[in-house]
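# Tertiary structure, described
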Amino acid sequence: MQSINRFLYGPTPEERVRAWQAKLRSESRQLDREMRQLDIVTAKARQSVKQLATKGDVKSARILAKEVVRSNKQKDRLSVSKARLGSINTQLTQQLAMTKITGSLQKSTEIMKLSNALIKLPQISRTMREMSMEMTKAGIMGEMLEDTLELDDDEELEEEADVEVDKVLFELTNGKLGEAGTVGTELPVVEDKEEEEEAARMEQYRQQLNGLLSS
């Protein structure tokens, strides 16, 4: 009888909610993996920034520091998005409880707001669009809002990168940043046999971060 009802009327509200929650957990695990990858590459990049600053190559340090700043911003976005996934999951659990009283799923402006925010994140945009369409058909969501891309402000990024290098230089010079030079001033370059290898490592970290940020 249950299989006949499923054929005639489709999945039950409980089955729909369970399927959505499974997708949410899967996307949440994926965001966790991406954040761990960002942590690993960013830690290496920060170390390279310190080494470049030690050698007086502040220009290269600032270039790599910009990637570190972008990485930190991306991790913040992923963390917020994971929290939003968790909030939708909680809302769906509440919906499930309500179906025992009402017999059907109810419209939720909170789920709609969270879903529209998550559609903006490229990593989970496709899944959230599909879920949003399913939830709209199920009566949980109304008409979807247009999504807009959130782009980094280049000027703000430059300022934050400068601050990042300033912090590193402050640590390396025991607080005597003024004596060692500022971000806008090149420090005396220290000759090092490993200079080329360090430049190659810097480019590798920069490319790795760019790859993660553009995925």
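Fair warning: this is a prediction, and the values are worked out from it, not measured in the lab.

Let us look at the pattern of salt bridges. Under the counting rule described, the total for this entry stands at six salt bridges. The partner of Lys113 in a salt bridge is Glu110, and the shortest N-O contact between them spans 3.5 Å. Highlighted residues: Lys113 and Glu110, both in helix H4 (residues 109–118), separated by three residues, approximately one helical turn. Judged by its relative accessible area of 52%, Lys113 is exposed. Glu130 is paired through a salt bridge with Arg126; the nearest N and O atoms lie 3.5 Å apart. Within this pair, Glu130 and its partner Arg126 are both found in helix H5 (residues 125–138), separated by four residues, close to a single helical turn. Here Arg126 falls in the exposed class, since its relative accessible area comes to 67%.

A few words now on the side chain of Gln21. Structurally, Gln21 can be placed in helix H2 (residues 13–54). One polar contact links Gln21 to Asn89, side chain to side chain, over a distance of 3.1 Å. Within the local environment of Gln21, its side chain forms a polar contact with the side chain of Thr93, the two groups lying 2.9 Å apart. Setting aside residues up to four positions removed in sequence, Gln21 forms contacts with Asn89, Leu92 and Thr93.

So, on to helix H3 (residues 58–102). With 45 residues, H3 should reach 66 Å at 1.5 Å per residue; the first-to-last C-alpha distance of 64 Å fits that figure. Just past H3, the residue Gly103 takes up positive phi, approximately 85 degrees.

This part takes up a positive patch on the surface. Judged by side-chain charge, Arg18, Arg25, Arg29, Arg33, Arg36 and Lys100 come together as a positively charged surface patch. At five residues, H2 tops the list of elements feeding residues into the positive patch. Counting through the fold element by element, Arg18 comes out in helix H2. Overall, Arg18 belongs to the partly exposed group, its relative accessible area being 44%.

For the rest of this paragraph, the subject is the confidence of the model for the protein chain. Here the protein chain shows a mean pLDDT of 77. Residues at 70 or above account for 67%. Taken element by element, the predicted model of the protein chain shows its lowest mean pLDDT in helix H7 (residues 177–180) (42) and its highest in H4 (93). Note that residues 4–8 has pLDDT below 50 and, in this model, three contacts with residues that lie over four places away or in other chains. Taken together, the stretch residues 176–191 has pLDDT below 50 and engages in 28 contacts with residues farther than four places along the chain or on a different chain.

Let us look at the nonpolar core. As a rule of thumb, nonpolar side chains are buried together in soluble globular proteins. Core analysis: the largest hydrophobic core is formed by 24 residues, its most contacted members being Trp20, Ile88, Leu92, Met128, Met135 and Ile140. Contributions of two or more residues to this core are made by H2, H3, H4 and H5. Tallying contributions element by element places H2 first for this core, with six residues. Residues contacting Ile140, with those up to four places away along its chain left out, are Trp20, Leu92, Gln95, Leu105, Gln106, Lys107, Ser108, Ile111 and Met135. One finds Ala53, Ala61, Leu64 and Val68 within the second-largest nonpolar core, a separate group that totals eleven residues.

Attention now moves to the packing of H3 against H4. The interhelical angle for the contact between H3 and H4, taken along N-to-C directions, is 150 degrees, at an axis separation of 10 Å. Our classification of the angle between H3 and H4 gives roughly antiparallel. When the axes of H3 and H4 are compared, the crossing they make is left-handed. Between H3, through Ser81, Arg84, Leu85, Ser87, Ile88, Gln91, Leu92 and Gln95, and H4, the contact on the second element is made entirely by Glu110, Ile111, Leu114, Ser115, Ala117 and Leu118.

Now for the environment of Leu105. Residue placement: Leu105 occurs in the loop between H3 and H4. Note on Leu105: relative accessible area 10%, which makes it buried. Apart from the residues within four sequence positions on either side, Leu105 is in contact with Pro13, Arg16, Val17, Trp20, Gln95, Thr99, Ala138 and Ile140.

Calculation notes
Residues numbered from 1 in each chain as written. Predicted model: local features only at pLDDT ≥ 70, side-chain atom pairs only at ≥ 80, totals over all residues. Heavy atoms only, no water. Salt bridge = Lys/Arg side-chain N within 4 Å of Asp/Glu carboxyl O. Helix = DSSP H or I, 4+ residues; strand = E, 2+ residues; numbered from the N terminus. Buried < 20%, exposed > 50% of the residue type's maximum accessible area, 1.4 Å probe, protein only. Polar contact = N/O pair within 3.5 Å; in protein donor to acceptor, adjacent residues only side chain to side chain. Contact = heavy atoms within 4.5 Å. Expected span 1.5 Å × (residues − 1). Patch = residues over 30% accessible without salt bridge, like charges linked within 9 Å, V, L, I, M, F, W, Y side chains within 5 Å. Areas by Shrake-Rupley, 256 points an atom, 1.4 Å probe, with all protein chains shown as cover. Lys, Arg positive; Asp, Glu negative; His and termini not counted. Charge placed at Lys NZ, Arg CZ, Asp CG, Glu CD. pLDDT = per-residue confidence, 0-100. Core = buried A, V, L, I, M, F, W, Y, C linked by side-chain atoms within 4.5 Å. Axes fitted to C-alpha atoms, helices over the stretch in contact; angles between N-to-C directions. Parallel < 35°, antiparallel > 145°, perpendicular 65-115°, else oblique. Left-handed = near helix turned anticlockwise from the far one by under 90°.

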